[in-house]
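Examination of the molecular architecture
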Amino acid sequence: QVQLVESGGGLVQAGGSLRLSCAASGGTFTDYYMGWFRQAPGKEREFIAAISRIGLSTDYADSVKGRFTISRDIAKNTVYLQMNSLKPEDTAVYYCAAVRKLGLVRDRDEYDYWGQGTQVTVSS
């Protein structure tokens, strides 16, 4: 059983930056591809970014490409989401997730484990 704990959310002005962290425990970190998702009020949870097991490959939603960067530190069992040039429409609860399936997965239903989420609010 893998446990995921996100941190780093908060309130930031438009144009600002935040770095989210997701600490994993209870499994072998490199067995899993990792992803970040977000869910705004009244909307479905949407894919943001994914990273391969040792970080050689990444994938991004068009809405964040060029502004967000996903990375992972294998020694710390942690995955990060660096968010730059934030916009009010980035406001959401952000979740990290882990999947054993090979490949960079965008479908939230494929993920095996989820964190509890961290709130990101971007003011205009």
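What you see is a predicted model; the values in this text were computed from it and never measured. (Residues numbered from 1 in each chain as written. Predicted model: local features only at pLDDT ≥ 70, side-chain atom pairs only at ≥ 80, totals over all residues. Heavy atoms only, no water.)

Looking at where Leu 86 falls in the secondary structure, it is placed in the loop between strand S8 (78-83) and strand S9 (92-99). Sequence separation between Leu 86 and Val 122 is 36 residues, and the spatial gap between their C-alpha atoms is 6.8 Å. Other than its neighbours up to four places away in sequence, Leu 86 contacts Val 12, Ala 14, Gly 15, Gly 16, Ser 17, Leu 18, Arg 67, Phe 68 and Val 122. (Helix = DSSP H or I, 4+ residues; strand = E, 2+ residues; numbered from the N terminus. Contact = heavy atoms within 4.5 Å.)

Glancing now at the pattern of salt bridges. What the rule picks out here adds up to 8 salt bridges. Asp 62 is paired through a salt bridge with Lys 65; the nearest N and O atoms lie 3.4 Å apart. The pair formed by Asp 62 and Lys 65 is uniform in burial state, with each residue classed as exposed. Among the salt bridges present, the one from Asp 90 reaches Arg 67, with a minimum N-O distance of 2.7 Å. (Salt bridge = Lys/Arg side-chain N within 4 Å of Asp/Glu carboxyl O. Buried < 20%, exposed > 50% of the residue type's maximum accessible area, 1.4 Å probe, protein only.)

This part is about a nonpolar patch on the surface. Where nonpolar side chains cluster on the molecular surface, the patch consists of Ile 54, Leu 56 and Ile 74 and spans about 320 Å² of accessible area. In this structure, Ile 54 sits in the loop between strand S5 (46-51) and strand S6 (58-60). (Patch = residues over 30% accessible without salt bridge, like charges linked within 9 Å, V, L, I, M, F, W, Y side chains within 5 Å. Areas by Shrake-Rupley, 256 points an atom, 1.4 Å probe, with all protein chains shown as cover.)

Attention now moves to the side chain of Ser 52. Take Ser 52: it is sitting in the loop between S5 and S6. Residue classification places Ser 52 among the buried residues on the basis of a relative accessible area of 7%. A polar side-chain atom of Ser 52 sits 3.1 Å from the main-chain amide nitrogen of Leu 56. A polar contact is formed between the side chain of Ser 52 and the backbone nitrogen of Ser 57, at a distance of 2.9 Å. Ignoring anything within four residues of it in the chain, the contact list for Ser 52 reads Tyr 33, Ser 57, Arg 72 and Leu 104. (Polar contact = N/O pair within 3.5 Å; in protein donor to acceptor, adjacent residues only side chain to side chain.)

Distances and angles like these do not, on their own, reveal function.
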